[in-house]
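Listed below are the residues making up each chain.
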Amino acid sequence: MSELVSRGQILVTGASRGIGAAIAQDLVARGYDVACLSRSGDAPVGYGLVCDVGDPVSIKTAVDAASARGPIVGLVNCAGAHAMASALELKIADFESMMRVNAGSVLMVSQAAHPHLVANGGGTVVNIGSFFDKLGVPDNTAYCASKAAVGAITRCLSVEWASDGIAVVNVAPGYIETDLNRDFLSRDKVRAWMQKRIPVGRPGDVREIARLVGALFAERIAFLTGETIYIDGAQGMNH
Ligand SMILES: NC(=O)c1ccc[n+]([C@@H]2O[C@H](COP(=O)([O-])OP(=O)(O)OC[C@H]3O[C@@H](n4cnc5c(N)ncnc54)[C@H](OP(=O)(O)O)[C@@H]3O)[C@@H](O)[C@H]2O)c1
């Protein structure tokens, strides 16, 4: 049996579970080496690195450790948090914390990966945003603002880093079934609401997001950069 030749190393933040874990699995199946970065350091595939994406020192330590193992050809910024509060009750400290973990992290990890991608002749950065980035969602001011910022950071990095041969794309999912929300999404009332609100009639599967992200790396379409690709069963455009 011939061994699969590695297509290079991709860093995936938030790969210990959920969407990030599915992305890591898809990338490994396509022949990439995958470094899974998270606070726990758990790795469903590839290998794990402990990293708090809100902390630049922790990010540098993890990215340096990954680069010591081999060339870095890509990055997926998937780590993120979600919390709800009404706009009137939202504390500025909680708003800033959400902005740092969901949006500041995208900037900081991309900055840390940049020299390694350049050393390798360029590469691809995929950020995981959300279709909430352009919606008005009650009790979600901080989360929506952070995901809108991910779209903006994607656009600016794509413009600044195009000459370095780096493409930057924002993948913005709709409702995706993960271990965390599976029980909630399976409730009859929620399922009925989903069927009505999502034209496709169901939430997304983590493997659907993973296949899109995997295809972006495998296809390497250099002219596709700066864009936000919504993958939400058409919910965001449903009137
Ligand atoms: N699920 C959805 O419906 C949905 C929809 C749209 C967008 N998204 C986005 O998709 C991404 C993944 O969501 P998910 O549903 O898969 O979430 P999840 O199951 O809660 O997983 C979150 C991941 O992020 C990591 N993480 C959280 N805070 C971190 C930090 N400070 N430093 C490093 N890693 C951290 C977690 O690992 P540790 O706890 O080990 O650190 C975990 O691996 C998020 O950006 C989310 O906003 C999700």
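Residues numbered from 1 in each chain as written. Predicted model: local features only at pLDDT ≥ 70, side-chain atom pairs only at ≥ 80, totals over all residues.

## Considerations on the overall build of the protein
Put simply, the rule reads: Counting from the N terminus, the helices are the DSSP runs of H or I reaching at least four residues and the strands are the DSSP runs of E reaching at least two. When we talk radius of gyration, it's over C-alpha atoms, and the globule rule is simply 2.2 Å times the number of residues to the 0.38. Exposure classification rests on a simple neighbour count of other C-beta atoms within 10 Å of a residue's own: a residue reaching 20 or more is buried, one at 12 or fewer is exposed, and one in between is partly exposed. C-beta atoms are placed from the backbone. Two residues qualify as being in contact provided that their C-beta atoms, derived from the backbone, are within 7 Å of each other.
Scanning the protein from terminus to terminus reveals seven helices and nine strands. Computed over the C-alpha atoms, the radius of gyration of the protein is 17 Å, within 12% of the 18 Å expected from 2.2 N^0.38 for a compact globule of 239 residues. When the 239 residues of the protein are sorted by exposure, 42% land in the buried category. Taking contacts inside the protein between residues at least 6 apart in sequence as the whole, the part at least 24 apart equals 71%.

## Concerning the sheet that holds strand β1 (residues 9-13)
How we decide: Being paired, for any two strands, means DSSP has found at least two bridges between them. Helix axes are fitted only over the stretch in contact, all axes being lines through C-alpha atoms; the angle between N-to-C directions runs from 0 to 180 degrees.
The seven strands lie next to each other as β3-β2-β1-β4-β5-β6-β9, forming an open sheet whose pairing is parallel. Each end of this open sheet is capped by a strand with a single partner; those strands are β3 (47-50) and β9 (228-231). Here the strands of the sheet are splayed against their neighbours by 20 degrees on average, with no regard to which way each runs. Bridge count between strand β5 (residues 123-128) and strand β6 (residues 166-173): six bridges; the pairing is parallel. Counterpart to Asn-127 in the pairing with β6 is Asn-170. Helix α2 (residues 56-69) rests against β1, β2 (33-38), β3 and β4 (72-77) of the sheet, and its axis sits at about 155 degrees to β1. Relative to β6, helix α4 (residues 141-161) is tilted by about 165 degrees, and along the sheet it contacts β5, β6 and β9.

## Quick notes on the packing of helix α1 (residues 18-29) against helix α7 (residues 206-219)
The line we're drawing: When an angle is under 35 degrees it counts as roughly parallel; over 145 it counts as roughly antiparallel; between 65 and 115 it counts as roughly perpendicular; any other value is oblique. When the near helix sits turned anticlockwise from the far one by under a right angle, the crossing is termed left-handed; a clockwise turn instead gives a right-handed crossing.
Packing of α1 against α7 leaves a shortest axis separation of 8 Å and a crossing angle of 45 degrees. Between α1 and α7, the interaxial angle falls into the category oblique. Here the hand of the crossing between α1 and α7 comes out right-handed. Across the interface between the two elements, Gly-18, Ile-19, Ala-22, Ile-23, Gln-25, Asp-26 and Leu-27 of α1 pack against Val-206, Arg-207, Ile-209, Ala-210, Arg-211, Val-213, Gly-214 and Phe-217 of α7.

## A few points about the site of the ligand
This is how the line gets drawn: In this entry, near means the residue's backbone-placed C-beta atom lies within 6 Å of the molecule or strand. Only Asp, Glu, Lys and Arg are considered charged, only Ala, Val, Leu, Ile, Met, Phe, Trp, Tyr, Cys and Pro nonpolar, and every remaining residue, Gly among them, polar.
Around the ligand lies a shell of 28 residues, among which Gly-14, Gly-18, Arg-39, Ser-40 and Gly-80 are the nearest. No other element matches the three residues that α1 contributes to the shell around the ligand. Of the residues that constitute the shell around the ligand, the class distribution is 13 nonpolar, twelve polar and three charged.

## A closer look at α1
Definition in use: Any helix carries an expected span of 1.5 Å times its number of residues minus one.
If you check α1, its first and last C-alpha atoms are 17 Å apart, about what twelve residues at 1.5 Å a residue would give, namely 16 Å. Taken together, the buried positions of α1 are occupied by Gly-18, Ile-19, Gly-20, Ala-21, Ala-22, Ile-23, Ala-24, Gln-25, Asp-26 and Leu-27. Looking at the buried positions of α1, the neighbouring elements they touch are β1, β2, β4, β5, β7 (176-177) and α7. Looking one or two residues beyond α1, the residue adopting positive phi is Gly-31, at roughly 100 degrees.

## Regarding the pairing of β4
Most of β4 sits inside the fold, with six of its six residues counted as buried. For β4 and β5, the ladder comprises four bridges, and the chain directions are parallel. Residue pairing across strands places Asn-77 opposite Asn-127, the latter belonging to β5.

## Some points on the nonpolar core
Most often, soluble globular proteins have nonpolar side chains that are buried together. Rules: To form a nonpolar core, buried Ala, Val, Leu, Ile, Met, Phe, Trp, Tyr and Cys residues must be joined through C-beta atoms within 7 Å.
By size, the foremost hydrophobic cluster in this structure holds 61 residues, and its most contacted members are Ile-10, Leu-11, Val-12 and Ile-23. Top contributing element to this core by residue count: helix α3 (residues 92-119), with nine residues. If near-sequence neighbours (up to four positions away) are discounted, Leu-11 is found in contact with Ala-35, Leu-37, Val-63, Ala-66, Ile-72, Leu-75 and Ala-113.

## A closer look at unusual backbone geometry
Positive phi values are uncommon outside glycine, yet Asp-139 reaches one of about 65 degrees. By the secondary structure assignment, Asp-139 is in the loop between β5 and α4. Judged by the 14 C-beta atoms lying within 10 Å of it, Asp-139 falls in the partly exposed class. Of note, the phi angle at Arg-220 is positive, near 45 degrees, even though the residue is not glycine. Residue placement: Arg-220 occurs in the loop between α7 and β9.

## A look at the pairing of β6
Put simply, the rule reads: Handedness of a crossover is defined as follows: orient the strands so they point away from the viewer, and if the path from the first strand over the helix to the second runs clockwise, the crossover is right-handed.
The element β6 is largely enclosed, with a buried count of eight among its eight residues. After leaving β5, the chain enters α4 and then returns to the sheet as β6, a path that is right-handed. By the bridge criterion, four bridges tie β6 to β9 in an arrangement that is parallel. When the bridges of β9 are listed, Pro-173 appears paired with Ile-231.

Everything listed is a geometric property; what it means functionally is a separate question.
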